[in-house]
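Examining the three-dimensional arrangement
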Amino acid sequence: MDFSDLWLTFLLTLDATLRLATPLVLAAMAGLFSERSGVVDIGLEGKMLAACFTSASVAYVTGSPWLAMFAAIGVSMVFALIHGFATITHKGDQIVSGVALNILASGLTIILGLSWFRQGGQTPSLTQEGRFLSIELPGADLLANVPVLGPLYKELLSGHNILVYLAFALVPVVWWVLYRTRFGLRLRAVGENPKAVDTAGISVNGLRYRAVLIGGVLCGIAGSYIAIAHNAAFTRDMTAGAGYIALAALIFGKWRPIGVLFACLLFGFLQSFAMRIEGVPVPGIGAIPVQLIEAVPYILTVVLLAGFIGKAIPPKAIGKPYVKER
Amino acid sequence: MTYAIQLQGIDKRFGAVHANNKVDLAVETGSIHGIVGENGAGKSTLMSILYGFYQADSGTISVFGNAYRFTDSQQAINAGIGMVHQHFMLVDNFTVLENVVLGAEGGYALAAGMDAARRELKRLANEYGLHVDLDATIDSLSVGLQQRVEILKALYKGAKILILDEPTGVLTPQETDELFKIFAALKQQGVTIILITHKLREIMAITDQVSVMRQGTMVAHVNTDATDESQLAELMVGRKVLLDVSKQPGKPGESLLKVKQLNWSDQHGVARLKNINFDIKAGEILGVAGVSGNGQSELLDVLTGISRLQQGSIEVLGKEFTAKQPFDAATMRTMGMAHVPEDRHKMGMITDFSAAESAIMGYQQDSELNAGVWLKPELVRQRCSELMVAFDVRPKDVQLKSANFSGGNQQKLILAREMERSPDVLIIGQPTRGVDVGAIEFIHQRILAMRDAGKAVLLVSVELEEILSLSDRIVVLCDGEITGRMAVEDADERKLGMLMANVQESHDPLQAQMQEAVQ
Amino acid sequence: MSRDRKLAWINGLLLPLLNVLTAFAATAVLFLLINVNPWEAAQTLLYGAFGYSEGVGYTFYYTTNFIFTGLAVAVAFHAGLFNIGGEGQAYIGGLGAGLVVFALFPELSPLVMIPASIVGALVFGAAWAVGPGYLQAYRGSHIVITTIMFNFLAATLMVYLMSKVLLEPGQMTPQSRLFPDNAWLPFVHDVLANFGIKVDRSPLNMSILLALVVAILVWFFLWQTRWGYAIRATGRNATAATYAGINQKKIIVVTMCISGALAGLVGINELLGYHHRIIMNFHVGYGFGGIAVALMGRNHPFGIVIAALLFGILYQGGAELAFEWSNISRDIVVVMQGLVILFCGALEYMYKPWLMRWLVPVSDSAKGAA
């Protein structure tokens with residue numbers, strides 16, 4: 001294998017990394033808003049799955065990926081509202097509510113899919129116009145033959161669909177909103193000390209509802225990406241734990257946008273690396289079990305939570321319903 | 001005369017608790033007005049109502065002559081009221097500047113508002129001597145500086161009336177002096193200050209008027225010049241019907257509990273117990289008097305193994321414990337110590353448990369109740385009904401949920417649990433808090449019976465009557481220190497009141513300093 | 001009726017009942033939405049669960065799993081812990097059961113083999129829970145997140161073991177070789193046949209007795225031993241537990257071990273009782289289902305057995321529904337689980353203010369709403 005082949009392999013691995021990291025980034029940013037406001041969101045998985053199903057169904061019926069995505073966002077927001085209603089209005093347990101939504105989404109998508117499309121719970125395959133397609137950046141083919149940088153531009157940067165670019169463009173926006181706006185300031189405050197926010201005359205519940213709903217929007221986009229951009233139909237439990245990995249990335253990135261972005265990229269890279277080396281013997285070691293690499297995000301998260309590598313300090317008020325106490 | 005604040009007939013209930021009962025209050029503009037009362041007297045509730053954090057069930061509020069009905073804090077802020085809470089309302093990982101602008105950011109994007117705020121804060125800092133690094137994060141600041149941030153926060157939002165809830169509770173004496181200098185500067189600029197505290201010395205040192213609350217009602221308004229600490233102490237604690245307790249002279253034996261050089265600090269590093277020394281002999285009751293919140297709870301927790309011993313030693317029945325040999329509540333029980341905690345709902349029982357289950361709490365390992373690991377239910381029930389008979393707990397239903405007994409009967413059940421096993425050392429906190437009069441007499445007799453049976457009893461109570469009628473010797477706690485000790489024959493309420501406020505002589509250097517700071 | 005009595009009735013009976021009914025009503029709405037008559041669906045469902053002896057067998061077979069995981073979740077709840085890792089613990093418990101079987105001589109008597117295998121399931125299940133328990137107690141790591149991570153770790157570990165280590169030679173599907181006959185738990189239809197009672201073949205095996213015995217043991221443990229007392233005290237009021245001299249860190253670790261061990265028993269019902277080999281994903285859904293069962297059964301073993309039976313009926317009846325109607329699948333049960341967790345768990349007190357206004361007059365509630 002010469003250098004350019006190796007370079008290309010490397011680029012293709014990174015390219016897959018971006019594709020795999022996209023839903024993680026979107027979902028993790030969703031979780032970031034929710035958890036920074038003090039509401040635990042283990043329902044990322046369920047919201048994404050509901051969005052997957054909605055977008056695939058609407059895209060099939062209307063043929064419009066954009067319409068599909070907006071519908072998916074709507075459904076995901078309804079899930080977010082239920083979570084808010086249970087945990088913010090009724091002070092219910094945030095974990096229990098999240099688990100309920102995940103399970104509900106897992107069952108509901110199959111039941112409705114079966115009833116509407118009669119394909120064993122899947123949605124019919126989409127044709128090209130129902131999906132978000134890859135976008136060739138200008139001059140990608142022209143530059144393809146430029147050594148080193150040409151393939152970098154063509155294989156890695158160009159040729160993704162719009163949602164990939166959207167996801168990565170979102171990160172600085174989230175950073176800006178969180179650290180440079182009034183809303184962000186209040187959001188961070190309410191997750192640390194809701195009483196401080198309340199005594200400053202700001203509605204704790206109002207802020208938390210807004211945060212949870214933003215999470216709904218982002219999970220809607222994430223689900224649409226999985227179903228109608230990365231794939232071309234809905235299949236059973238197709239999020240396959242991406243919501244939980246995003247949650248792990250959120251913890252690993254210590255609830256900060258840039259840190260979370262890198263955690264998502266790391267976890268995405270591990271997935272694409274695992275796919276690439278499957279069955280390929282590594283000199284001197286032999287074949288590395290793919291599962292070992294797949295397990296790294298989970299192991300890293302547990303080790304981090306145990307405080308062995310730095311300390312992930314969550315927002316102080318996370319998980320606690322806000323009750324005005326005497 | 002103009003009033004900054006006028007409250008009339010403020011009434012507020014929290015479930016069963018009548019926190020404020022038809023409270024009236026008038027605060028003159030530009031004055032420093034003290035509100036004193038014990039913990040739970042309703043001071044903080046009243047101020048939270050004034051600040052719009054709670055809504056009163058009835059009553060009227062007027063600020064600078066205008067009537068208001070606050071439904072949230074923002075409205076109170078707009079009316080010119082600022083509040084510094086006992087537990088600071090600060091976001092620990094935010095900077096000072098971020099904390100101050102929270103809720104008054106001035107626009108959607110932060111940048112412009114932050115710059116304006118920085119300029120305004122510099123002005124305020126110079127005017128009132130409130131200097132603090134605006135870019136430091138809160139968790140890097142001392143408690144005194146954090147409090148300064150709270151004051152800045154209020155002033156920045158345009159407060160003309162500043163309410164401070166127990167502001168000196170967490171401060172060192174030096175920080176307290178600094179705070180009082182700031183008060184003086186604020187008063188000079190025409191800011192009205194309401195100071196909530198239970199420290200009578202501070203009230204005497206810096207206030208113009210003082211209002212006294214007790215059990216949800218306002219019992220007195222006086223000019224500070226026209227009163228003194230012992231009178232205030234009496235007003236706060238209140239005179240109860242003298243309880244008739246017939247007591248034989250004690251026959252103290254050998255020391256069963258010795259406490260030496262005990263020091264203890266809370267998680268914030270604030271010293272809560274300072275150089276505590278005492279001993280209790282068999283057949284003796286040692287009363288610990290003091291206004292609540294002066295280290296009594298901490299003393300109880302450390303003695304009984306609930307909080308970890310940090311410095312000093314505790315000797316129980318000849319066995320000495322130090323910080324190097326940590327012990328827990330179970331160890332103390334096996335040593336022959338029993339503990340009736342101050343708060344029966346938080347600690348003394350589990351309200352969801354049946355009476356029978358609560359009646360064995362702490363003794364669940366007892367070999368008389370267990371066969372191996374089998375905690376035999378009929379033995380547990382039998383134990384409970386024996387306790388119920390011995391202490392006349394009603395109803396005598398061992399299966400009834402603990403929460404469904406009246407306060408007096410809950411307390412009797414706990415006392416029965418701790419006393420019937422005849423411990424050598426008995427530690428009791430607030431034995432009659434929230435207990436009806438009939439039960440009080442009964443409980444007092446039982447405590448005396450323990451003494452007469454040759455047990456060493458430590459009695460912590462905020463009720464001076466109780467201390468005076470039960471104790472053989474008395475120590476007084478103030479701000480975590482023992483400020484006086486005497487035999488009961490030498491004690492009276494006035495003497496104790498002075499010690500509880502830690503004023504022994506007419507000349508008190510700190511008090512003089514405080515007054516100086518105000519002028 | 002006194003106020004306390006009324007409150008006890010509201011909290012103990014009325015609210016849980018209303019919550020379950022709401023979950024059922026929401027399911028009925030879903031049926032209408034997909035053009036299925038809920039009444040007919042209920043009839044089909046009940047027929048599938050009880051209409052013929054094979055169906056009954058399946059119903060109780062599923063019930064067994066739900067009893068194990070429901071108890072696992074409930075024990076943790078009593079200590080104030082949310083063990084969401086039942087899935088992983090059940091999976092690894094099955095692995096433990098199988099590994100013990102493979103480690104022993106095939107000729108060993110069932111009287112040794114089966115108990116040893118049960119111990120294997122208990123120990124492996126507990127081992128998968130002790131990590132999160134330890135990290136919660138001594139390092140403050142949130143048990144919900146760590147147990148989720150351990151679920152995924154269990155899944156990846158099993159994929160590896162089943163495809164690389166335990167794979168039966170010459171097989172394509174990832175499954176282990178068959179257990180020796182001596183490790184098989186007797187089927188109920190075989191046992192009954194010995195007594196001359198003839199029922200159709202079904203996967204129902206003697207694990208159901210184990211489940212019932214374990215339910216009684218859990219009840220005994222929680223309410224009749226000093227350890228159970230310590231666990232319940234810790235969960236109800238941590239401050240009071242400290243006062244009572246209870247070591248809460250130890251309680252957390254021990255409770256998680258028990259919880260994990262109980263979940264591990266799913267492996268006995270599934271593998272020793274029916275599949276007779278280690279297979280992939282035999283556990284899927286039972287761990288999460290256990291949350292619904294525990295919430296619905298109010299964390300009491302008796303309630304859990306009843307709730308487990310209900311979910312067993314739904315599981316088996318759901319299969320019948322799927323058979324009868326082309327537009328329904330058994331996932332309807334998953335939906336119901338979600339709704340039960342939502343209404344009996346997260347929205348547990350949704351109706352309370354309303355019930356209080358209606359049943360407890362204001363004059364009463366002023367006295368003791370706190």
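The following paragraphs examine the structure supplied in this document. Quick caveat, the model's predicted, so the values are computed rather than measured.

1. Focus: the overall build of chain C
Assigned secondary structure in chain C consists of 17 helices and zero strands. Here chain C has a C-alpha radius of gyration of 22 Å; the compact-globule value for 370 residues is 21 Å, and the two agree. The C-alpha extent of chain C, read off along each of the three principal axes, is 75 × 55 × 40 Å. The 370 residues of chain C split such that 56% are buried.

2. Some words on the sheet that holds strand β13 (residues 284–289) of chain B
Residues and elements named next belong to chain B. The strand order across the open sheet built from six strands is β16-β19-β20-β13-β21-β22, with neighbouring strands paired in mixed fashion. In this open sheet, the two strands that pair with only one neighbour each are β16 (337–340) and β22 (481–487). Sheet twist, expressed as the average angle between the axes of neighbouring strands with direction ignored, equals 15°. Bridge count for strand β21 (residues 473–478) against β22 is six bridges, and the pairing is antiparallel. Residue V475 lies in a different strand from β22, and its bridge partner there is R485. Its contacts with the sheet put helix α9 (residues 296–303) on β13, β19 (425–429), β20 (456–460) and β21, and the angle it makes with β19 is roughly 150°.

3. Here we look at the interface of chain A and chain B
How big an interface is tends to be expressed through the accessible area that disappears when the partners come together. Taken residue by residue, the interface counts 16 residues in chain A and 23 residues in chain B. Put simply, the parts of the chain that give the side of chain A that touches chain B at least two residues each are α8 (182–192) and α9 (194–199) of chain A. Among the elements that make up the side of chain A that touches chain B, the one with the highest residue count is α8 of chain A (five residues). Here the side of chain A that touches chain B is built from residues that sort into five nonpolar, four polar and seven charged.

4. Overview of unusual backbone geometry
Of the consecutive residues R394 of chain B and P395 of chain B, the connecting peptide bond is found in the cis state with omega at -10°. Note on placement: P395 of chain B falls in the loop between α13 (377–390) and α14 (407–419). Even without glycine at this site, K254 of chain A takes up a positive phi of about 55°. With respect to the helices and strands, K254 of chain A occurs in the loop between α11 (242–252) and α12 (257–277). Given 16 C-beta atoms within 10 Å, K254 of chain A falls into the partly exposed group.

5. Regarding the packing of helix α4 (residues 94–117) of chain A against helix α15 (residues 331–346) of chain C
Put simply, α4 of chain A and α15 of chain C touch, their axes get as near as 7 Å, and they point 155° apart. Considering their axes alone, α4 of chain A and α15 of chain C lie roughly antiparallel with respect to each other. Relative to α15 of chain C, the crossing made by α4 of chain A is left-handed. On the side of α4 of chain A, the interface is formed by V96, S97, V99, A100, I103, L104, S106, G107, L108, I110 and I111 of chain A, while α15 of chain C contributes D331, I332, V334, V335, Q337, G338, L339, I341, L342, G345 and A346 of chain C.

6. Regarding the nonpolar core
Residues and elements named next belong to chain A. A27 and A249 are the most contacted members of the largest nonpolar core, which totals 398 residues. For this core, the element with the most residues is helix α10 (residues 204–230), which contributes 16 residues. When sequence neighbours within four positions are dropped, the list of residues in contact with A249 reads L24, A28, V260, A263, C264 and F267.

7. Topic: the interface of chain C and chain A
The interface of chain C with chain A comprises 41 residues on the first partner and 36 residues on the second. Counting only elements with at least two residues in the side of chain C that touches chain A, the list comes to α5 (110–139), α6 (143–165), α13 (286–296) and α15 of chain C. Among the elements that take part in the side of chain C that touches chain A, α6 of chain C stands out by supplying 12 residues, more than any other. Looking at the side of chain C that touches chain A residue by residue, the classes come out as 27 nonpolar, 10 polar and four charged.

8. Focus on the sheet that holds strand β9 (residues 209–214) of chain B
All names here are of chain B. Taken in spatial order, the six strands of this open sheet run β6-β7-β8-β3-β9-β10, and their pairing is mixed. Strand pairing shows two members of the sheet lacking a second neighbour, β6 (81–84) and β10 (217–223), which therefore form its edges. Going from strand to strand, the sheet's axes swing by 20° on average, the running direction of each strand aside. Relative to β10, β9 is paired through six bridges, and the arrangement is antiparallel. In the sheet register, V210 faces β10, and the bridge partner there is V222. In the packing of helix α1 (residues 43–50) onto the sheet, the strands contacted are β3 (32–36), β6, β7 (161–165), β8 (192–197) and β9, and the crossing angle to β7 comes to about 150°. Against the sheet, helix α8 (residues 229–237) engages β3, β9 and β10, with an angle of about 30° to β9.

Reading guide: rules and limits
- Every chain begins its residue count from 1, and numbering advances along the sequence as written.
- Note on labels: chains are lettered from A, ligands numbered from 1, in written order.
- The predicted nature of this model means local features are confined to residues of pLDDT at least 70 and side-chain atom pairs, given and counted, to a pLDDT of 80 or more, with totals for whole chains, interfaces and linings taken over all residues.
- We count a stretch as a helix when DSSP gives it H or I for four or more residues in a row; a strand needs E for two or more, and each element gets its number in order from the N terminus.
- Radius of gyration: over C-alpha atoms. The globule rule applied is 2.2 Å multiplied by the number of residues raised to the 0.38 power.
- Three exposure classes are used. Buried residues have 20 or more other C-beta atoms within 10 Å of their own C-beta, exposed residues have 12 or fewer, and partly exposed residues fall in between, all C-beta atoms being placed from the backbone.
- Two strands make a pair as long as DSSP finds a minimum of two bridges between them.
- Lines fitted to C-alpha atoms define the axes here, with helix axes fitted over just the stretch in contact, and angles between the N-to-C directions of these axes take values from 0 to 180 degrees.
- By the criterion used throughout, residues are in contact when their C-beta atoms, derived from the backbone, lie within 7 Å.
- Classification convention: Asp, Glu, Lys, Arg as charged; Ala, Val, Leu, Ile, Met, Phe, Trp, Tyr, Cys, Pro as nonpolar; all other residues, Gly among them, as polar.
- The cut-offs work like this: below 35 degrees is roughly parallel, past 145 is roughly antiparallel, 65 to 115 is roughly perpendicular, and the gaps in between are oblique.
- Handedness of a helix crossing follows the sense of rotation of the near helix relative to the far helix, less than a right angle counterclockwise being left-handed and clockwise being right-handed.
- By definition, a nonpolar core groups buried Ala, Val, Leu, Ile, Met, Phe, Trp, Tyr and Cys residues that connect through C-beta atoms lying within 7 Å of each other.

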